[in-house]
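Notes for the structure review
Listed below are the residues making up each chain.
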Amino acid sequence: MGLSAAPPAPSVVEPVPGNRGIWVGIFCVLVEFLLLFCVYFIAKAHHPAAFATGPDKLASSAGVAITLLLLTSGYCMVKALETIRRDERRRTFAWVVAALLLGLGYPGVKFFEIRWNVAHGIDGAAGIFYTVYYYLTLNHLVHVSWGLLGLCWVAARTALGVYSARDYSGLEAAAMYWHSTDVLWLILFPFFYVLR
Amino acid sequence: MTLTSPPGRAEKVWLLLVALTLAGAWLAETGQPGWPLTLVVAALIAVKGRLVIDRYMGITRAHPRIRRILHGFVTLVPLLVIFSHGWGNLLQRLTTLH
């Protein structure tokens, strides 16, 4: 019989970065944007000429600036997690604030980009490419705004000394959400400024 | 980043992401419609997405289900980019209401 068989190996428990709740939120956002990407692909399939020429009129410098701001802000959150793991709370606070300030550059650039667009006749009714562009990028801006509110929250809690090397799951959860908005922008940027 | 990231790794990843972004910016100014641009963009999405997921988020040591979903996401989207370019007519037919 198999009574002498070795007991089953314990299942390897790997950590859930942050907390389970934030991953439910992140996966919902990924599903939402996958559907929005389908809108982009279907619109492009039906109007290839509009999508081939559409990016020419957009200010690609704005897209590049947003990408660099988000990547650098994300880097600051990486450093924030590194420092809190060493229990360097003051440095952690500085990194979170840096991430927040860089992240706030996103809506700032977006404001000037939209103002520039409108001055050049590029509004939501300028054609199917621009309708999809506003639909997806403004949707992303909404999610980034939630991320910025999250960064405000964890900055305040870091200042209050809530996080330590023993417990920083809230800070890590905010970082995970922030990075996920970064991943989505890395897809949106080539869709509207590069691909033709 | 993983808990045991060697010093300077975050900086190297950030520099690589910036370099890839600037490459994308160059493509935005000079790229012409066609397969080369489509394939390069698909590769950029896949590489940058994996860098953020694996190095920024430190997902390589996370639960396999989380890892598979995130890796699947940044693999699926580039494949959709390629599909929509190469098989746009098919996609158009499939999504036309008769």
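Source: prediction; values computed, not measured. (Residues numbered from 1 in each chain as written. Chains lettered and ligands numbered in written order. Predicted model: local features only at pLDDT ≥ 70, side-chain atom pairs only at ≥ 80, totals over all residues. Heavy atoms only, no water.)

Here we come to helix α1 (residues 20-46) of chain A. For α1 of chain A, spanning 27 residues, the distance from its first C-alpha to its last is 40 Å, which sits close to the expected 39 Å at 1.5 Å a residue. Regarding α1 of chain A, its N-cap is Asn19 of chain A, as a side-chain oxygen of that residue lies 3.2 Å from the backbone nitrogen of Gly21 of chain A further along. (Helix = DSSP H or I, 4+ residues; strand = E, 2+ residues; numbered from the N terminus. Expected span 1.5 Å × (residues − 1). Polar contact = N/O pair within 3.5 Å; in protein donor to acceptor, adjacent residues only side chain to side chain.)

Turning to the interface of chain B and chain A, a few remarks are in order. Counting residues at the interface gives 48 residues for chain B, matched by 41 residues for chain A. When the area that chain B buries against chain A is broken down by residue, the three leading residues are Tyr56, Met57 and Phe73 of chain B, summing to 16%. In this structure, the connection of chain B to chain A is made through 1 salt bridge. Across the salt bridge formed by Glu11 of chain B and Lys79 of chain A, the nearest N and O atoms sit 3.2 Å from each other. (Contact = heavy atoms within 4.5 Å. Buried area = accessible area lost by both parts, 1.4 Å probe. Salt bridge = Lys/Arg side-chain N within 4 Å of Asp/Glu carboxyl O.)

To characterise two packed helices, one gives the angle between the axes of the helices and the distance between these axes. Residues and elements named next belong to chain A. For the pair α1 and helix α6 (residues 169-193), interaxial distance at closest approach is 10 Å and the crossing angle is 10°. Considered as vectors, α1 and α6 are oriented roughly parallel to each other. Residues Ile22, Trp23, Ile26, Val29, Leu30, Phe33, Phe37, Tyr40 and Phe41 of α1 lie in contact with α6, whose contacting residues are Ala173, Met176, Tyr177, Ser180, Leu184, Ile187, Leu188, Phe191 and Phe192. Grouping the amino acids of the contact of α1 with α6 by side-chain chemistry returns 17 nonpolar, 1 polar and no charged. (Axes fitted to C-alpha atoms, helices over the stretch in contact; angles between N-to-C directions. Parallel < 35°, antiparallel > 145°, perpendicular 65-115°, else oblique. Nonpolar A, V, L, I, M, F, W, Y, C, P; charged D, E, K, R; others polar.)

Turning our eyes to something else, we now look at the nonpolar core. Core analysis: the biggest nonpolar cluster contains 89 residues, and Trp23, Phe37, Tyr40, Met77, Phe191 and Phe192 of chain A have the highest contact counts within it. Breaking this core down by element, the ones donating at least two residues are α1, α3 (60-85), α4 (89-119), α5 (128-159) and α6 of chain A together with α1 (9-30), α2 (35-56) and α3 (64-86) of chain B. Per-element accounting of this core gives the leading share, 17 residues, to α6 of chain A. Setting aside residues up to four positions removed in sequence, Trp23 of chain A forms contacts with Val16, Pro17 and Met176 of chain A together with Met57, Ile59, Ile66 and Leu70 of chain B. (Core = buried A, V, L, I, M, F, W, Y, C linked by side-chain atoms within 4.5 Å. Buried < 20%, exposed > 50% of the residue type's maximum accessible area, 1.4 Å probe, protein only.)

The next subject is the packing of aromatic side chains. Under the definition given, this model contains 22 aromatic pairs over all chains. The interplanar angle of 40° and the centroid separation of 6.1 Å between the aromatic rings of Tyr75 of chain A and Trp14 of chain B together place this pair among those described as tilted. One end of the pair, Tyr75 of chain A, is in helix α3; the other, Trp14 of chain B, is in helix α1, on a second chain. Under the relative-accessibility criterion, Tyr75 of chain A is labelled buried at 12%. (Phe/Tyr/Trp six-rings, centres within 6.5 Å; stacked < 30°, edge-to-face > 60°.)

Now for a nonpolar patch on the surface. On the surface, Trp35, Leu39, Trp87, Leu90 and Leu94 of chain B cluster together to form a nonpolar patch covering roughly 510 Å² of accessible area. By the secondary structure assignment, Leu94 of chain B is in helix α4 (residues 88-94). (Patch = residues over 30% accessible without salt bridge, like charges linked within 9 Å, V, L, I, M, F, W, Y side chains within 5 Å. Areas by Shrake-Rupley, 256 points an atom, 1.4 Å probe, with all protein chains shown as cover.)

Residues and elements named next belong to chain A. In this model α4 runs 46 Å from its N-terminal to its C-terminal C-alpha over 31 residues, within 8% of the 45 Å that 1.5 Å per residue would give. Inspection of α4 places Thr92, Val96, Ala99, Leu100, Gly103, Tyr106, Lys110, Glu113 and Asn117 among the buried residues, and these make up the whole buried set. Residues of α4 that are buried sit in contact with α3, α5 and α6. One or two steps after α4, the chain reaches Gly121, where phi turns positive at roughly 80°.

We now examine the confidence of the model for chain A. Residue and element names in this part refer to chain A. Considering every residue of chain A, the mean pLDDT works out to 93; 93% of them sit at 70 or more. Below a pLDDT of 50 lies the segment residues 1-6, which in the model reaches 0 contacts outside its immediate sequence neighbourhood of four places, other chains included. Confidence over residues 8-13 falls short of pLDDT 50; this stretch has 0 contacts with residues more than four positions distant or in other chains. (pLDDT = per-residue confidence, 0-100.)

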